[in-house]
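What follows is each chain in one-letter form.
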Amino acid sequence: MRTITRVKAAPHGHWVGDGFPVRSLLSHAADAEAISPFLLLDHAGPHVFAPALRPRGVGQHPHRGFETVTIVYSGEVAHKDSTGAGGVIGPGDVQWMTAAAGIVHEEFHSEAFTKTGGNLEMVQLWVNLPAKDKDAAAGYQTLLDAEIPRVPLAEDSGTVRVIAGEFAGAQGPARTFTPIEIWDVRLNPGKHSAFDVPDGHNVIVVMLAGTVEVNGSEIIRSGQVAFLSANGGEFTLEANGDAKLLILAGEPIDEPVVAHGPFVMNTVAEIRQAMVDYQDGRFGAIAV
Ligand code: MN
């Protein structure tokens, strides 16, 4: 059985721009090896916004060397980037943005959500790229809720939305550079469910709401994260109420992580180059 190697306490929150009150549940700064190939996970909200005249969010900024994956649970987020891609995503939708060689984007509440206000909840996950793919072309995948397979768990114990990787024969729609599983899981109380991922993959259980017992022994609660051993086969989860969580897994990228703000590279020289290239306008611009 895969066992828990560590449970991380729920961190304090901070704001990203004026639109996203987040808790950083995963960070490469603290746990680079344990969370590879992932770099960061911010859980925004749930937070109720009053109606407003001007969309809240984060204005134009660059990224290089990795991918950002935004999963919306409640509310609506609008995106625009220098590849010309953009759009509005709502509950259940996922935006998979490949920054790679360089992108400039902005992230705001949608016009409609701004006008009505309401509850916003989303996750932004950063996925690292191996050195050989850090200069790949920037790109953008919209994964609508309707395209994401929903697998019911045995005995009405819950559902798994397969965003990336394979679960119980269902393949997630995300195109990834390295082997990754991203499963958006809801559990009903009082039932055991078993999960497995390929040997050698780091496994992280991210609790967004509720409480679960892992392997019939250790309890993890909302805002906490459990790191599981990379081998050992299945692990089980049992919720004691309605629970919402992410299971993240992937083959670790065994390369140095050198990060500076929106850039994640392998060396300090590459970070300096990213700054120069961005200042010289080589990441492109958002079309007006
Ligand atoms: Mn960004």
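Scroll up a little and you will see the structure.
All residue numbers refer to positions counted from 1 along the written sequence of the respective chain. At least 70 in pLDDT is required for a residue's local features to be given in this predicted model, at least 80 for side-chain atom pairs to be given and counted, and no such filter applies to totals for whole chains, interfaces and linings, which use all residues. Just so you know, side-chain values use all the structure's heavy atoms and leave hydrogens and water out.

Digging into the overall build of the protein
Item 1. Across its full length, the protein carries three helices and 26 strands.
Item 2. Since a compact globule built from 288 residues should have a radius of gyration of about 19 Å, the 18 Å found for the protein is in line with a globular shape.
Item 3. Principal-axis analysis of the C-alpha atoms gives the protein an extent of 55 × 45 × 35 Å.
Item 4. The buried share of the protein, taken over its 288 residues, is 55%.
Item 5. In the protein, the proportion of contacts linking residues at least 24 apart, taken out of those at least 6 apart, comes to 72%.
Item 6. All accessibility values rest on the Shrake-Rupley procedure with a 1.4 Å probe; residue burial counts only the protein chains present in the view. Per element, the accessible surface of the protein, about 11900 Å² overall, is 52% carbon and sulfur. Helix numbering and strand numbering both begin at the N terminus, where a helix is a DSSP run of H or I of at least 4 residues and a strand a DSSP run of E of at least 2. Based on C-alpha atoms, the radius of gyration is set beside the globule rule, defined as 2.2 Å times the residue count to the power 0.38. Exposure categories follow from relative accessible area, calculated using a 1.4 Å probe and restricted to protein chains: below 20% of the type maximum is buried, above 50% is exposed, and the middle band is partly exposed. Contacts are residue-level and defined by heavy atoms, with any inter-residue pair within 4.5 Å sufficient.

Details of the pattern of salt bridges
Item 1. What counts as a salt bridge is simple: a side-chain nitrogen of Lys or Arg found within 4 Å of a carboxyl oxygen of Asp or Glu. Under the definition given, this model contains 14 salt bridges.
Item 2. With its nearest N and O atoms 3.3 Å apart, the salt bridge here joins Arg186 to Asp184.
Item 3. With a relative accessible area of 33%, Arg186 lands in the partly exposed category.
Item 4. Accessibility expressed as a relative area gives 1% for Asp184, which makes it buried.
Item 5. A single network of salt bridges, built from pairs that share partners, joins Asp145, Arg150, Arg161, Asp184 and Arg186.

Overview of the coordination of the manganese ion
Item 1. Protein coordination at the manganese ion: the donors are His61 (NE2), His63 (NE2), His105 (NE2) and Glu107 (OE), at 2.1 to 2.5 Å from the metal.
Item 2. Coordinating N, O and S atoms are those within 2.8 Å of the metal (3.2 Å for Na, K and Ca), and as water is not part of the atoms, a site may appear to have fewer donors than expected. Each donor residue of the manganese ion lies on the same chain, and together they follow the pattern H-x1-H-x41-H-x1-E. Placement of the pair is His63 in strand 5 (residues 57-63) and His105 in strand 10 (residues 103-109), with a sequence separation of 42 residues.
Item 3. Of the residues examined, His63 reaches a relative accessible area of 3% and is grouped as buried.

Concerning the sheet that holds strand 7 (residues 77-81)
Item 1. Read across the sheet, four strands follow the order 5-10-7-8 without closing on themselves; strand pairing throughout is antiparallel. Strand pairing shows two members of the sheet lacking a second neighbour, strand 5 and strand 8 (86-89), which therefore form its edges. This sheet shows a mean twist of 15° between the axes of neighbouring strands, independent of strand direction.
Item 2. With four bridges joining them, strand 7 and strand 8 adopt antiparallel strand pairing. Looking at strand 8, one finds that Val77 is bridged to Ile89. Any two strands are treated as partners once DSSP identifies two or more bridges connecting them. To obtain an axis, a line is fitted to C-alpha atoms, over the contacting stretch when the element is a helix, and the angle between two such axes runs from 0 to 180 degrees between their N-to-C directions.

Focus: helix 1 (residues 28-35)
Count 3.6 residues to each turn of an α-helix, and residues three or four apart come out pointing the same way.
Item 1. Taken together, the buried positions of helix 1 are His28, Asp31 and Ile35. Down the axis, helix 1 shows its buried residues gathered within 125° of arc, on one side only.
Item 2. On its buried side, helix 1 packs onto strand 1 (4-8), strand 3 (20-27), strand 4 (38-49), strand 19 (202-209), strand 22 (225-228) and strand 25 (258-260).
Item 3. With a side-chain oxygen lying 3.1 Å from the backbone nitrogen of Ala29, the N-terminal cap of helix 1 falls on Ser27. This arc is taken over the directions from the axis of the helix to the C-beta atoms. Any pair of nitrogen or oxygen atoms within 3.5 Å is treated as a polar contact; in protein, a donor-acceptor pairing is required on top of that, and neighbouring residues in sequence qualify only through side-chain atoms on both sides.

As for empty space enclosed by the protein
Take a probe with the size of a water molecule and roll it over the atoms, and the empty space left behind shows itself.
Item 1. Using a 1 Å grid laid over the protein atoms alone, points where a 1.4 Å probe fits but cannot get out form a cavity; open sets with protein on both sides within 12 Å along at least 5 of 7 lines form a pocket; any residue with an atom within 4 Å of a point counts as lining. Grid points are joined across faces, edges and corners, and a volume is the space filled by probe spheres set on the points. Across all of its chains, the model carries one cavity of 30 Å³ or more by this definition.
Item 2. The space that makes up the largest cavity amounts to roughly 40 Å³.
Item 3. If you trace the largest cavity, you find it lined by Phe20, Thr70, Val77, His79, Gln95, Glu107, Met122 and Gln124.
Item 4. Of all elements in the fold, only strand 7 and strand 11 (118-128) reach the threshold of two or more residues within the lining of the largest cavity.

In short, geometric facts, not functional conclusions.
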